[in-house]
Amino acid sequence: MSNKQTEQELEQTVEETQIEKSPSGMKIFWKEILKDKLAFISLMFLVLTSLGVFGVSLILDQEQIVTVDMFALHQPPSSEFWLGTDYGGRDIFGQLIIGTRNSLAIGFLVTLMSGFIGIVFGVVSGYFGGHVDNVMMRIVDFFMVLPNIMIIIVFVTIVPKYSVWSFSLVMTAFLWMGIARLIRSRALQEKELDYVQASRTLGSSHAKIIFTQVMPNITSLIVVTMTLNLAANIGIESGLSFLGFGFPESTPSLGTLLSYATNPTTLEQRWWIWMPAAILILILMLSVRNVGEALKRAADARQRRA
Amino acid sequence: MALLKVDDLKIHFPIRGGILNRKIDEVRAVDGVSFEVKEGQTYGLVGESGSGKTTTGKAVMGLNSITDGDIYFEDTHLNAKKGKKVDVRKDVQMIFQDPYSSLNPRKRVIDIVAEPFRNYEKMSKSEEKEKVKDLLERVGISKDSLFKYPHEFSGGQRQRIGVARAIALNPKLIIADEPVSALDVSVQAQVLNFLQDIQKDLNLTLLFIAHDLGVIKHMCDRIGIMYQGRLVEEGQKEDIFNNPQHIYTKRLVAAIPDVDPRRREEHQRFRAQVKEEYQQSFYDYFDENGMAYDLRNISDTHKVALPERG
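Residues numbered from 1 in each chain as written. Chains lettered and ligands numbered in written order. Predicted model: local features only at pLDDT ≥ 70, side-chain atom pairs only at ≥ 80, totals over all residues.

Student: Quick question: what am I supposed to make of the overall build of chain B here?
Tutor: Summing up its helical and strand segments, chain B has nine helices and twelve strands in all. For chain B, the C-alpha radius of gyration of 21 Å lies close to 19 Å, the compact-globule estimate for 310 residues. Considered along the principal axes of its C-alpha atoms, chain B spans approximately 65 × 60 × 45 Å. The buried share among the 310 residues of chain B stands at 41%. (Helix = DSSP H or I, 4+ residues; strand = E, 2+ residues; numbered from the N terminus. Rg over C-alpha atoms; globule rule 2.2 N^0.38 Å. Buried ≥ 20, exposed ≤ 12 C-beta atoms within 10 Å, placed from the backbone.)

Student: How should the environment of L63 of chain B be read in this particular structure?
Tutor: Turning to its location among the elements, L63 of chain B is positioned in the loop between α1 (53-61) and β4 (68-73). The exposure class assigned to L63 of chain B is partly exposed, which follows from the 16 C-beta atoms found within 10 Å. On a C-alpha basis, the gap between L63 of chain B and D221 of chain B in space is 26 Å, while along the polypeptide they are 158 residues apart. Here L63 of chain B is in contact with Q197 and R200 of chain A together with K58 of chain B, once residues within four sequence places are set aside. (Contact = placed C-beta atoms within 7 Å.)

Student: What am I meant to see in the interface of chain B and chain A here?
Tutor: How big an interface is tends to be stated in terms of accessible area lost as the parts join. With 23 residues of chain B at the contact, the number on the chain A side is 18 residues. Only β6 (92-95) and α2 (109-120) of chain B provide two or more residues apiece to the side of chain B that touches chain A. Examining the composition of the side of chain B that touches chain A, we find that four residues originate from one element, α2 of chain B, more than from any other.

Student: Looking at this model, I keep getting lost on the pairing of β4 of chain B. Mind explaining?
Tutor: Regular strands show a simple pattern: their side chains alternate between the two faces of the sheet. Residues and elements named next belong to chain B. Sheet topology places strand β1 (residues 2-17) next to β4; five bridges connect them, and they run antiparallel. Across the sheet, the residue bridging to L4 is F73, located in β4. In this sheet, strand β5 (residues 76-77) lies alongside β4 in antiparallel orientation, the contact comprising two bridges. Pairing of Y72 across the sheet is with H77, part of β5. Counted between consecutive antiparallel strands, the loop separating β4 from β5 contains two residues, among which E74 sits at a positive phi close to 50 degrees. (Pairing = 2+ DSSP bridges.)

Student: Is there a simple way to think about helix α9 (residues 177-191) of chain A in this case?
Tutor: The periodicity of an α-helix, 3.6 residues per turn, causes residues three or four positions apart to be oriented the same way. Residue and element names in this part refer to chain A. Taking 1.5 Å per residue, 15 residues should reach 21 Å; α9 reaches 21 Å between its end C-alpha atoms and fits that length. Residues of α9 that are buried: M177, I179, A180, I183, R184, A187 and E190. The buried residues of α9 all sit within an arc of 140 degrees when viewed along its axis, so they share a single face. Each element contacted by the buried residues of α9 is listed here: α5 (92-128), α6 (130-145), α11 (206-217) and α12 (219-243). (Expected span 1.5 Å × (residues − 1). Arc of directions from axis to C-beta.)

Student: Whenever I open this one, the packing of α5 of chain A against α12 of chain A confuses me. Can you help?
Tutor: To describe two helices that pack against each other, one gives the angle between their axes and the distance between the axes. Residue and element names in this part refer to chain A. Packing of α5 against α12 brings their axes to within 8 Å, and their N-to-C directions diverge by 135 degrees. Put simply, α5 runs oblique to α12. As for the relative orientation of α5 and α12, their crossing is right-handed in sense. Where α5 approaches α12, its residues S103, I106, G107, F108, V110, T111, G115 and I119 are matched on the opposing element by I222, M226, N229, L230, N233, I234, E237 and S238. Across the contact of α5 with α12, the residue classes tally to eight nonpolar, seven polar and one charged. (Axes fitted to C-alpha atoms, helices over the stretch in contact; angles between N-to-C directions. Parallel < 35°, antiparallel > 145°, perpendicular 65-115°, else oblique. Left-handed = near helix turned anticlockwise from the far one by under 90°. Nonpolar A, V, L, I, M, F, W, Y, C, P; charged D, E, K, R; others polar.)

Student: Teacher, can you tell me more about the sheet that holds strand β8 (residues 205-210) of chain B here?
Tutor: Two strands in a sheet stick together by hydrogen bonds in their backbones, pointing the same way (parallel) or opposite ways (antiparallel). Residue and element names in this part refer to chain B. The strand order β6-β7-β8-β3-β9-β10-β12-β11 describes an open sheet built from eight strands, whose pairing is mixed. With one partner strand each, in any of the chains shown, β6 and β11 (295-297) form the two edges of the open sheet. In this sheet, adjacent strand axes meet at a mean angle of 20 degrees when their direction is disregarded. In the sheet, strand β7 (residues 173-177) pairs with β8 via five bridges, with the strands oriented parallel. Residue pairing for β8: I175 is matched across the bridge by L207. Set on the sheet, helix α4 (residues 155-166) makes contact with β6 and β7; between it and β6 the angle comes to about 175 degrees.

Put into structure tokens, the structure is as follows:
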């Protein structure tokens, strides 16, 4: 009797859990990724590259790699130097690993920080509207009229020693406005919908409505902007380094490697110095974009393929 | 005793323009509206679009800022200038017009219906689930739907989820803002009857906003007719439908379609006659600005906005 009862209870709980399962965001994304081969390969590539460069760079000795070796100038790829050496006899493969790590770290950091500031700023500004919106958007305008590239360059020139962190912070200070404006315009639309008013009538506070009702409805926009920004931020860092305003040669990044190509001889005859970095930048950006597209579809039920 | 008392309510929206965004004019969305709703009653607010009926409803709910006038709910002053803001959201709830935008598309049914519980009552997850199941059952939605998203439902079902959410806290007054105007006619009747049932079950008071006189006739005990932000006529259902006094009301009542085809021509003639009367005597019923006059009693229950000369 009691046995039967427990069996019944068990059945009930099984049933309940079956009903309760509604697919979580991660699951939907995973399904979507599996459906789209290109996105899946891109994601795998991104994950493996990041894990690889962060892992290997722990073992590699940066000091040793960036030390000038007069006996190994301009070596082509060999078993000792897998990707050859540059004009200082420094191992390109090691620089590539550490450079990719630095570039990725800056890309992620800048995207996360500028995304966070931009999203919170934009959604609050758009949700409240009126005077709040007015004041907050003037602040954004102020930041936008500042010549940001110039300020970054000045910063880089006057600060003698800067790290991944300080460089990211400076970049973040001038890269959050675009996101804020984009998110604000969506929040302005979103807050006019009845469900926001309905939430008010049901007793939810403004903060709760902003972060639990409005935010989920703009996730697709957030995700897409953030991924596209990730690609763009890696690009900006590489660009600055290429121009010589990024990291010094002692801190390699994809941009510093690429900037060796400004030397015509290197460009024509020593492909091993700049080609791997160039290809890596290209593939990294394409992969980020592919994953972003899959994420975008997963965030919007109507666009899903899986 | 009136459950809800609206006294000389005015809601004006500024029109900004010119240099420095100054206020150059205002829209008088609601301009001096007074009415009372008794407990258990269904009060219908009727009018064409833009007449201010929804604005009035939202003002009661606290969603619009009020320019002037007072709103009392059970003798609590809702828009008192000083002192703490009173929160009557537990007792006053709203059903929205558009069942498509009033449910958050990213939330599951359980999250939508349980939102008021999470704000006002401390409940464990399982208690909450039971309550939501009860509510869904009450509005006739299967409890398997607990974890579905709004887009998986039809318009009528969505509106019923909206109702379930509104009755979750056992409110005393529900403001129904054109709850059926976005629905198919076949579904309208279903939702209306269902609203009447739960009104009886829960002893609810309804402030029913609509533009469809047929719906109003079916639902309401007392009716207020609005035109351009003012009430032009107010009375019991019988007063309005059998003895309309204001020319605007007459025209509205004449506009109700007649289902009997044999009387079609007669009805058309009647309508043409009312139209003519409306055009001829429009200025007798409205002042030089096209605004309705103040309401005056013509019987104990019936008020009409007629000019002073009587």
